[in-house]
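Structural characterization, general
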Amino acid sequence: MTDKTQHRRRVGSVRPSHLMYTGGVGALVDLPNFAVLVRGIDDWQYDAFEWADLKEPRLLRAVNGLIGDPYGAQVTQLRPAPWMDGTDSDPNGPASRVGVPVLPFPQWLRCTACNALGGLDSKIFKFENAKPRRPDQARFFHENCTAKRKGKGPLAVAARFVLVCQAGHLDDFPYASFVHRGGNCTEASHPRLEMLDHGGNQAANVKVRCVNCSSERNIRDAMGQRGEITLPHCRGRHPHLATFDPVGCKHRPKPLVIGASNQWFAQTLSVLAVPPTSGSALQGKVEQLWEQLQKAKSQEFLDMVWELPQFKPLHQWSQSEVFEAIEAHRTAGEESQSSEAASYPDLLTPEWEIFTSSQLPEPTEDFALRDVPVPPALDGIFSHVVQAERLREVRALIGFTRLDAPDPEDPTLVARAPLSRSRVPAWVPASEVRGEGIFLRVSDELMADWEQRVAGTGALAAHRDAYVEFRRNRYSGRVEETDDPLRGWPGARYIALHTLSHLLIRAISLECGYSSASLSERIYAGREDDRRTGILIYTAVPDAEGTLGGLVALAEPEKFSRVVRRALHDAERCSSDPLCADRLPRPPHEDFLHGAACHVCLFVSETTCERGNRFLDRRFIVPIDAPDLVLLQGLK
């Protein structure tokens, strides 16, 4: 696909946020006439235009904590997606040569007229993309189709099955081997194949036939556990990198339709660009200078090197404070190396410290907070309300998984596929959005009293049991029997805060003019001795809608009181009641992680909820069941 006389380079467009969450590196993206696979970052071109990496040291440290080599190569940049304005005004100009590279995948196509099935290397299909302003009309066609009428050949579309494995590999479906049941055609060395696709979403509607020897086989024979046994072992292919794993792959692949939602899951990290607190700033400096500071076994070492130029940034703290930070960093590193399972970096603590600080930081172009009084009617429920007049969120893509989404508590439970051919890339894709938000801190006393009341209830026990069953089913073959069955369980406090957050998001979207899909949430729910009980609701869209001021205005006492009352009043009734109100997760027959919650009363869009509409239950917020379960008792 390099002959410029036959086609243009541009075949479509997506938003930068799409490359982060929906169709990034390694993902299949459906274009109007064919599907493409986003290539690895080694092939992204940044030479033709000016760009600047996104500066966010806290996020960069977190990225290196997961994919960097602590004693070697490190990720050094957070890069935005390559894009240049001007394709509309000059479709042949420099902007036409800037973008994210893709390749057609799957590389087996089917003629929509004669049902001929073949790979791109068979040369029976050709590509055309001659209109610079109409990349949506780019297509593959069957030039010598026997059913062709006047004009060019009929459209060829992607043969809609691929092979995917738990290790993140992706491969074409082996149609020739499959139809001949693992053997070769007896009549031809390169047999002609046909795919009879009767539509629908069932494999039983698709049949593959060999024209030469008349062998035929239904795709349903490859489905399910019995069918997968007949498929060859995974070849360890990463087509987005044009590589095969040198050690191969031990997993058997699973056939998927190319539009399946579980063919690609982004693994991302996101932080708010908050000013560093004194402790976190010192910790950041120690991490930056760790190669030199790791030699400090006593405070006398600091005495000797204190005046060296590279240690000047540490002079704002005393030597004793610096040495304590060094020891804390050393201890944390030893604990992480000795732990059996890795964990995600703690990105919420610095944000919590800023939002709950008695003295708010000076406003900047990225971050500005303003305290507002808690409405008298809500005193005792919320202890802190803050208007976030300016926020900047930076997100980084560190990898992706297939078949199973990344576990939110354990980054190693699901195999992460790489973004580049290098074990540690020099940079990772990133994006930033600016917006506004409201931070709410629920009263510590109220939450502690509620946790005691619900600790031994059957409702909470049902949620715990459902989580154990869900984790076992979801990560079948990955969770060892010796593992803690409640590993990653967010706890009762998270369920209450998460439910309250969704109720407020739905009420806010009716009041401020933002759609609920334009809002996002961050839940600050500590465990055991950590008394965090906070919610941040903020705009998270990459356009002007995120900064119109309508959200922070709702934090004013009178408006905020009205929003909370409306949210709780709406939660008491659901048009799906009594089915919704009576719902509790009951394993093993009901494999879900929510109680009294549904699309009518609590669910929000996938981009809004940080846990995929799980861990929600109205009965913990409003009296729809047992009054003793209610967090906000007595509020009218």
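Residues numbered from 1 in each chain as written. Predicted model: local features only at pLDDT ≥ 70, side-chain atom pairs only at ≥ 80, totals over all residues. Heavy atoms only, no water.

**What about the overall build of the protein?**
To be explicit about the condition: What counts as a helix is a DSSP run of H or I of at least four residues, what counts as a strand is a run of E of at least two, and both are numbered from the N terminus. The atom set for the radius of gyration is the C-alpha atoms, and the globule formula is 2.2 Å times the number of residues raised to the power 0.38. Buried, partly exposed and exposed residues are distinguished by accessible area as a fraction of the type maximum, computed with a 1.4 Å probe on protein chains only: under 20%, between the cut-offs, and over 50%, respectively. Whether two residues touch is decided by their heavy atoms; if any such pair falls within 4.5 Å, the residues are in contact.
Scanning the protein from terminus to terminus reveals 13 helices and 23 strands. Taken over the C-alpha trace, the protein has a radius of gyration of 28 Å; the compact-globule value for 636 residues is 26 Å, and the two agree within 12%. For the protein, the C-alpha atoms occupy an extent of roughly 80 × 70 × 55 Å along the three principal directions. When burial is assessed residue by residue, the protein has 50% of its 636 residues classed as buried. The contacts in the protein between residues at least 6 apart in sequence include a share of 70% that link residues at least 24 apart.

**Brief notes about the sheet that holds strand 17 (residues 254–257)**
To keep things clear, this is the line we draw: Two strands pair if DSSP finds at least two bridges between them. Angular values range over 0 to 180 degrees, each being the angle between N-to-C directions of two axes fitted as lines to C-alpha atoms, with helices fitted over their stretch in contact.
What the three strands build is an open sheet, ordered 11-10-17; its pairing is antiparallel. Each of the sheet's edge strands pairs with one partner strand only, and the pair in question is strand 11 (170–172) and strand 17. Adjacent strand axes in the sheet meet at a mean angle of 40° when their direction is disregarded.

**A word on the packing of aromatic side chains**
When we look at a pair of aromatic rings, we describe it by the centre distance and by the angle of the planes. The line we're drawing: When the centres of two rings from Phe, Tyr and Trp lie within 6.5 Å, Trp using its six-membered ring, the rings pair. Their planes under 30 degrees apart give stacked, over 60 give edge-to-face, and anything left gives tilted. Only when the NZ of Lys or the CZ of Arg is both within 6 Å of the ring centre and within 35 degrees of the ring normal is a charge said to sit over the ring.
Counted under the stated rule, the structure contains 21 aromatic pairs. Ring centres of tyrosine 467 and tryptophan 489 lie 5.8 Å apart, and the angle between their planes is 55°; on these two criteria the pair is classed as tilted. Of this pair, tyrosine 467 sits in helix 11 (residues 458–474) while tryptophan 489 sits in the loop between helix 11 and helix 12 (492–512), and the two are 22 residues apart along the sequence. Accessibility classification places tyrosine 467 together with tryptophan 489 in one group, the buried group. These aromatic residues form a ring-pair network of at least three members: Trp108, Phe161, Phe173, Tyr175 and Phe178. The ring of tyrosine 494 has arginine 611 lying over it, and the distance from NZ or CZ to the ring centre is 5.5 Å.

**Thoughts on empty space enclosed by the protein**
Counted only if it meets this: Space inside and on the surface of the protein is sampled on a 1 Å grid over the protein atoms alone, with a cavity defined as a set of points where a 1.4 Å probe fits but cannot get out and a pocket as an open set with protein on both sides within 12 Å along at least 5 of 7 lines; lining residues have an atom within 4 Å of a point. Grid points are joined across faces, edges and corners, and a volume is the space filled by probe spheres set on the points. Under this grouping Gly is polar, as are all residues other than the nonpolar Ala, Val, Leu, Ile, Met, Phe, Trp, Tyr, Cys and Pro and the charged Asp, Glu, Lys and Arg.
One pass over the structure, following the stated rule, counts one cavity of 30 Å³ or more. Taken as a whole, the largest cavity spans an internal volume of roughly 40 Å³. As for the largest cavity, its lining consists of Pro16, Leu19, Met20, Trp44, Pro80, Ala81, Pro429, Ala430 and Ser431. At the level of secondary structure, the elements contributing two or more residues to the lining of the largest cavity comprise helix 1 (16–21) and strand 21 (427–442). When grouped by side-chain class, the residues that make up the lining of the largest cavity number eight nonpolar, one polar and no charged.

**Side note on the nonpolar core**
What counts here: Each nonpolar core is a collection of buried residues, namely Ala, Val, Leu, Ile, Met, Phe, Trp, Tyr and Cys, held together in the definition by side-chain atoms within 4.5 Å.
Core analysis: the largest hydrophobic core is formed by 67 residues, its most contacted members being Phe382, Leu504, Ile508 and Ile621. Elements with a contribution of two residues or more to this core: strand 20 (382–401), strand 21, helix 10 (444–454), helix 11, helix 12, strand 22 (519–525), strand 23 (533–539) and helix 13 (557–571). Counting residues in hydrophobic clusters, the runner-up holds 48 residues, among them Leu54, Leu66, Ile398 and Ala417.

**Section: the sheet that holds strand 5 (residues 108–111)**
Overall, antiparallel pairing links the eight strands, which are arranged 7-8-9-5-6-12-13-14 in an open sheet. If you trace the sheet from one side to the other, it starts and ends with strand 7 (125–128) and strand 14 (216–218), each paired once. Taking each pair of neighbouring strands and ignoring which way they run, the sheet shows an average axis angle of 35°.

**Comments concerning the pattern of salt bridges**
Heads up, the rule is: Salt bridges are identified by distance alone: a Lys or Arg side-chain nitrogen within 4 Å of an Asp or Glu carboxyl oxygen.
For the coordinates displayed, the defined rule picks out 35 salt bridges. Measuring nitrogen to oxygen at the nearest pair gives 3.3 Å for the salt bridge that ties lysine 254 to glutamate 228. On the criterion of sequence distance, the pair formed by lysine 254 in strand 17 and glutamate 228 in helix 4 (residues 224–229) is long-range, its members being 26 residues apart. On the basis of relative accessibility, which here comes to 28%, the residue lysine 254 falls in the partly exposed class. Its relative accessible area of 15% is what places glutamate 228 among the buried residues. The shortest N-O distance in the salt bridge between glutamate 432 and arginine 392 comes to 2.6 Å.

**Some points on helix 10**
We count it as follows: To obtain the arc, one takes the directions from the helix axis to the C-beta atoms.
All of the buried residues along helix 10 are Leu446, Met447, Trp450 and Val454. An end-on view of helix 10 places all buried positions within 90° of arc, on one side of the element. Across helix 10 from its buried face, at more than 90 degrees, point the exposed residues Glu445 and Gln452. Residues of helix 10 that are buried sit in contact with strand 21, helix 11, helix 12 and strand 23.

**A look at the confidence of the model for the protein**
Threshold: The predictor's confidence in any single residue is recorded as pLDDT, a number from 0 to 100.
Within the protein, residue pLDDT values average 84, and 90% of them lie at 70 or more. When pLDDT is averaged over each helix and strand of the protein, the minimum, 66, is found for helix 5 (residues 278–288) and the maximum, 94, for strand 15 (residues 237–238). Contacts for the low-pLDDT stretch residues 1–5, under 50 throughout, to residues beyond four places or in other chains number five contacts. For the stretch residues 335–341, pLDDT sits under 50, and the model shows three contacts to residues farther than four places along the chain or on other chains.

**Regarding helix 12**
Condition: Helix span, expected: 1.5 Å multiplied by one less than the number of residues in the helix.
A rise of 1.5 Å per residue sets the reference length of helix 12, with its 21 residues, at 30 Å; its end C-alpha atoms lie 30 Å apart and thus fit the reference within 8%. The buried fraction of helix 12 amounts to 18 of the 21 residues, a majority that puts the element mostly inside the structure. Looking one or two residues beyond helix 12, the residue adopting positive phi is glycine 513, at roughly 95°.

**Points about the side chain of threonine 401**
The condition is simple: Contacts described as polar in this section are N or O atom pairs within 3.5 Å, which, within protein, must combine one atom able to donate a hydrogen with one able to accept it, while residues neighboring in sequence count only if both atoms come from side chains.
Counting through the fold element by element, threonine 401 comes out in strand 20. Its relative accessible area of 1% is what places threonine 401 among the buried residues. Among the polar contacts made by the side chain of threonine 401, one reaches the main-chain carbonyl oxygen of aspartate 404 at a distance of 2.7 Å. When neighbours within four sequence positions are excluded, threonine 401 is seen to be in contact with Gln263, Trp264, Phe265, Pro406, Val414, Ala415 and Arg416.

**Let's talk about the packing of helix 10 against helix 12**
Helix-helix packing: each pair is described by the crossing angle between the helix axes and the interaxial distance. Keep this limit in mind: For classification purposes, angles smaller than 35 degrees are called roughly parallel, those larger than 145 roughly antiparallel, those between 65 and 115 roughly perpendicular, and all remaining angles oblique. Note: crossing handedness is left-handed where the near helix turns anticlockwise from the far helix by less than a right angle, and right-handed where it turns clockwise.
At a closest axis distance of 10 Å, the pairing of helix 10 and helix 12 adopts a crossing angle of 120°. In this view, helix 10 runs oblique relative to helix 12, as classed from their interaxial angle. Relative to helix 12, helix 10 is oriented so that their crossing is right-handed. For the pair helix 10 and helix 12, contact is made by Met447, Trp450, Glu451 and Val454 and by Ala492, Arg493, Ala496 and Leu497, respectively. Looking at the contact of helix 10 with helix 12 residue by residue, the class counts come to six nonpolar, no polar and two charged.

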